[in-house]
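Results of the structural survey
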Amino acid sequence: MSKLTLNTTPVDARPAPKRSIGAIAWLRANLFQGPINSVLSLLAIWALIAGLTPLIQWAIIDADWIGTSREACSSGGACWVFISARFEQFIYGFYPSELRWRVDLTFVLFAVMIAWLALPRLPAKKLAAVLTLAVFPIVAFYLLHGGLFGMPTVPTHRWGGLMLTLVLAVVGIVAALPIGIVLALGRQSKMPIVKSISVVFIEFWRGVPLITVLFMASVMLPLFVPTEVDMDKLVRALIGITLFQSAYMAEVVRGGLQAIPKGQEEAAAALGMGYWKRMGLIVLPQALKMMIPGIVNTFIALFKDTSLVLIIGLFDLLAIVQAALADADWLGYSIEGYVFVAFVFWIFCFGMSRYSQYLERKLHTGH
Amino acid sequence: MTTPSSPPPRRETPPFWRDPAKRALLFQALMLAALFAVIGFIVSNTLENLDARGITTGFGFLHDTAGFGIVQSLIDYTPQSTYGRTFLVGLLNTLLVSTLGIAAATIIGFLMGIARLSPNWLIARIAGAYVEIFRNIPLLLQIFFWYFAVLRSLPSPRQSMSLGEAVFLNIRGLVVPAPVGGPGFVWTLVALAVAVIAAIVLVRWNRRRQAATGDRLPAGWISAGIIVVLPAVVFIASGMPLTWDIPKLGGFNFSGGITVLPELLALWLALSIYTGAFIAEIVRSGIQAVSKGQTEAARALSLSGGMTLRLVVIPQAMRVIIPPLTSQYLNLIKNSSLATAIGYPDLVSVFAGTTLNQTGQAIEVIMMTMAVYLTLSLLVSMFMNWFNARMALVER
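Residues numbered from 1 in each chain as written. Chains lettered and ligands numbered in written order. Predicted model: local features only at pLDDT ≥ 70, side-chain atom pairs only at ≥ 80, totals over all residues. Heavy atoms only, no water.

Per an unreviewed UniProt entry, the recorded name for chain A is Amino acid ABC transporter membrane protein 2, PAAT family, and the organism is Onishia taeanensis. Heading Sequence similarities (unreviewed entry) of the UniProt record for chain A holds this comment: "Belongs to the binding-protein-dependent transport system permease family. HisMQ subfamily." (UniProt positions renumbered as here; feature names shortened; annotations may be inferred.)

**Overview of the side chain of A:Gln245**
Mapped onto the elements, A:Gln245 comes out in helix α9 (residues 233-258). Not counting chain neighbours up to four residues away, the residues in contact with A:Gln245 comprise A:Gly172, A:Ile173, A:Ala176, A:Thr298 and A:Leu302. (Helix = DSSP H or I, 4+ residues; strand = E, 2+ residues; numbered from the N terminus. Contact = heavy atoms within 4.5 Å.)

**Observations regarding the pattern of salt bridges**
Residue and element names in this part refer to chain A. Inspection of every chain in the model, using the stated rule, returns ten salt bridges over all chains. Across the pair Arg 254 and Glu 251 runs a salt bridge whose closest N-O atoms are separated by 3.0 Å. Taken as a pair, Arg 254 and Glu 251 lie in helix α9 at a separation of three residues, close to a single helical turn. On the basis of relative accessibility, which here comes to 23%, the residue Arg 254 falls in the partly exposed class. We classify Glu 251 as buried; its relative accessible area is 17%. (Salt bridge = Lys/Arg side-chain N within 4 Å of Asp/Glu carboxyl O. Buried < 20%, exposed > 50% of the residue type's maximum accessible area, 1.4 Å probe, protein only.)

**Observations regarding the pairing of strand β2 (residues 167-170) of chain B**
Residues and elements named next belong to chain B. Residues Phe 168 and Asn 170 line the buried face of β2, whereas the alternating positions Val 167 and Leu 169 sit on a face that is not buried. Pairing geometry for strand β1 (residues 161-163) and β2, over three bridges, is antiparallel. From the neighbouring strand, Met 161 faces β2, where its bridge partner is Leu 169. As consecutive antiparallel partners, β1 and β2 are separated by three residues, and within that stretch Gly 164 has a phi angle of approximately 60 degrees, a positive value. As paired elements, β2 and strand β3 (residues 173-176) share three bridges and run antiparallel to each other. Among the inter-strand pairings, Asn 170 is bridged to a residue of β3, identified as Gly 173. As consecutive antiparallel partners, β2 and β3 are separated by two residues. (Pairing = 2+ DSSP bridges.)

**Digging into a positive patch on the surface**
Residue and element names in this part refer to chain B. On the surface, Arg 204, Arg 207, Arg 208 and Arg 390 cluster together into a patch of positive charge. By residue number, the principal contributor to the positive patch is helix α5 (residues 185-213), which donates three residues. Structurally, the position occupied by Arg 208 is in helix α5. Overall, Arg 208 belongs to the exposed group, its relative accessible area being 58%. (Patch = residues over 30% accessible without salt bridge, like charges linked within 9 Å, V, L, I, M, F, W, Y side chains within 5 Å. Areas by Shrake-Rupley, 256 points an atom, 1.4 Å probe, with all protein chains shown as cover. Lys, Arg positive; Asp, Glu negative; His and termini not counted. Charge placed at Lys NZ, Arg CZ, Asp CG, Glu CD.)

**Section: the UniProt feature "domain: ABC transmembrane type-1" (unreviewed entry) in chain A**
Under the local residue numbering, the UniProt record ascribes the feature "domain: ABC transmembrane type-1" (unreviewed entry) to residues 162-351 of chain A. Across residues 162-351 of chain A, the secondary structure splits into 79% helix and 0% strand, with the terminal C-alpha atoms separated by 16 Å.

**Some thoughts on the UniProt feature "transmembrane region" (unreviewed entry) in chain A**
All names here are of chain A. Per the UniProt annotation, the sites labelled "transmembrane region" (unreviewed entry) are residues 39-61, 101-119, 126-144, 164-186, 207-225, 279-300, 307-325 and 331-352. In this annotation, residues 164-186 is assigned 100% helix and 0% strand; the end-to-end C-alpha distance for the span is 32 Å. Across residues 307-325 one finds 47% helix and 0% strand; the C-alpha atoms that close the span lie 16 Å apart.

**Description of helix α6 (residues 161-188) of chain A**
Residues and elements named next belong to chain A. For α6, with 28 residues, the first-to-last C-alpha span of 40 Å sits near the 40 Å given by 1.5 Å per residue. Residue Leu 177 marks the point of greatest curvature in α6, where the axis turns by about 35 degrees; the proline Pro 178 follows within four residues. The element α6 is largely enclosed, with a buried count of 21 among its 28 residues. (Expected span 1.5 Å × (residues − 1). Bend = angle between axes of the 7 residues up to and from the residue.)

**Focus on unusual backbone geometry**
Look at B:Ser302: it is not a glycine, yet its phi comes out positive at around 65 degrees. Here B:Ser302 is to be found in the loop between α8 (292-300) and α9 (305-335).

**Some remarks on the packing of aromatic side chains**
Within the structure shown, the criterion is met by 23 aromatic pairs over all chains. Judged by centre distance (6.4 Å) and plane angle (40 degrees), the ring pair of A:Tyr338 and B:Phe144 falls under tilted. Placement of the pair is A:Tyr338 in helix α13 (residues 334-363) and B:Phe144 in helix α4 (residues 139-150), with the two residues belonging to separate chains. Taking the relative accessible area as the measure of exposure, B:Phe144 reaches 2% and is therefore buried. Ring centres of B:Tyr274 and B:Phe278 lie 5.1 Å apart, and the angle between their planes is 65 degrees; this geometry places the pair in the edge-to-face category. On the criterion of helical spacing, the pair formed by B:Tyr274 and B:Phe278 is a turn pair, its members being four residues apart in helix α7 (residues 262-289). Judged by its relative accessible area of 9%, B:Tyr274 falls in the buried class. On the basis of relative accessible area, B:Phe278 is assigned to the partly exposed category, the value being 22%. The rings of A:Phe299, A:Phe303, A:Phe345 and A:Phe348 are connected pair by pair, giving a single aromatic cluster. (Phe/Tyr/Trp six-rings, centres within 6.5 Å; stacked < 30°, edge-to-face > 60°.)

Right under this line is the structure:
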């Protein structure tokens, strides 16, 4: 009689077949699934090697990094000396060098405020938002422009470089936000005149290119004000940018308002709240949270668009590099200059777009 | 007899500021008054300022002689033409670069958007890198790069880069052969038009026939055949009346052929690559928005892979893609105004630039320029609304 045995201890798991793990399997699954994909992959690898090798050779291996004049650039690769020699000008423009600590301090303050707002772990977001939107602009203005506590005044025509780019973008967005909120509320209003004024205003600015707005700000705005008012070039550009941006901001705010269920406002009305209380205490606080990714995206667009001020003669980062390229001492290094500007803009924009994607995922809590 | 009852207590009408309807009226009246006050203030200031500078208002300047040349014009233009003519030249140049840019950006965008979803890891990564690099760099910088760093550093016409001794690329631009139609060439074009109409009729008839009988002809192949064969037959029968004007190097420049200005090339490249990156993202999200169940259901109905894509996935994806795609087209048209930074003679450059500087008619010139872009925006958004209404899901 044979004996039946029952083995209750599990057999050790066998390793997965060699064909389905490891680098080879990964290659088979992702690069060489079939004849067409294999050919495509080989072509792509060839193109990458053919394209990147000379690029790395030029930008890193053969490049010159140290020195102060164009004589240092003799290796035939990229001449990053051009960037380092002009670096301060690219950041501060023509800001007097002994006063640059004021710009640095503004940068640091700004970075602290943004970190406070952006990092989810830090507390008291409302206080941070109020400080950033209301207090910081005033502090920044007096720091950059001077004229208070005996700080010498730096006229705006000496501002330039990355600093001016940031000033244009930040002022544009901070000033456009309240106007945008008012316009978006106006667009949703039941009062026909309020509604049509808002719609016409928004669609007008959204329909024209920023260049024509800047042209308008620089040639028409001086005609609109009494003769004795003398407007600064930067102020004119900022007015144009703010009006333009407020229309885009209004659309972002409208998107946020529409995401709030109607029941919220109806419930507030049932509790006897008036219009401004319903909006200010119930709808807007919820909507603002939903709008942050949209605001970041408009900020990215505006940040890139600030480079257009070069056309009306302001020296933002791109304009100041463009001017340096025409310098007789550094002729022929335009690629280095453009790569540097592109790198700076790219770091800012890519970082912000990643942050906005992260927020969208965080806010998208499912239904 | 009824006893006189005391009259019901009269309800006091609330004061008007407690009545929402009256309050709204008052508020709107105040708002209109404020608006008119601001407009009046601006107008009176402007008139005063114009008066002080001795500028007359009005559009009479459009009939004056412009007196400056324009490097590229699609219609006849000489320095003796009027400012009205410069407006037209600029408008046409804007439309030219916008059309070229929209076509190229659409092709690049769709290719890259589909490539981002490729199962091939490397292809998807390359497409992703393209999108992330080019949409995060300002367009103006990209235009400068192509114009100053690439096209302005090309060799002189004598050392041109050439492709088959027919296409030349040098610092003056791209020179390509120009087609010259002979006397009978118009018949080939007529044949092409007839073939296209025939193909459309065939496809429609085939669709009706399929709905009625279930049979279908390979209409795609047949219509492609008609479009190729009919014009080709007419072309050969009429004695091949088409010659190419091949550019020749004479002295310091090329004669003959068509020269594409480096400004146009740079603007076209930058606009298509920049907008293409945004379109790629739109296409990717549009395709991803079609749920996987749709594909699986189509396969379960035994549609082939191609038919699944053509009849099920693409129509639904297009519904998501079209609205943001239109707004990208609008952005491209508006961004073409950056031409002025490198001197391509578009509307902003020749009209809001040179004409404005010569005449000083700031208000009229800027208003006309803005009106053009507003009209284009309105036309495109009207088209978009019409298209959306046509494509919208019919729900119960």
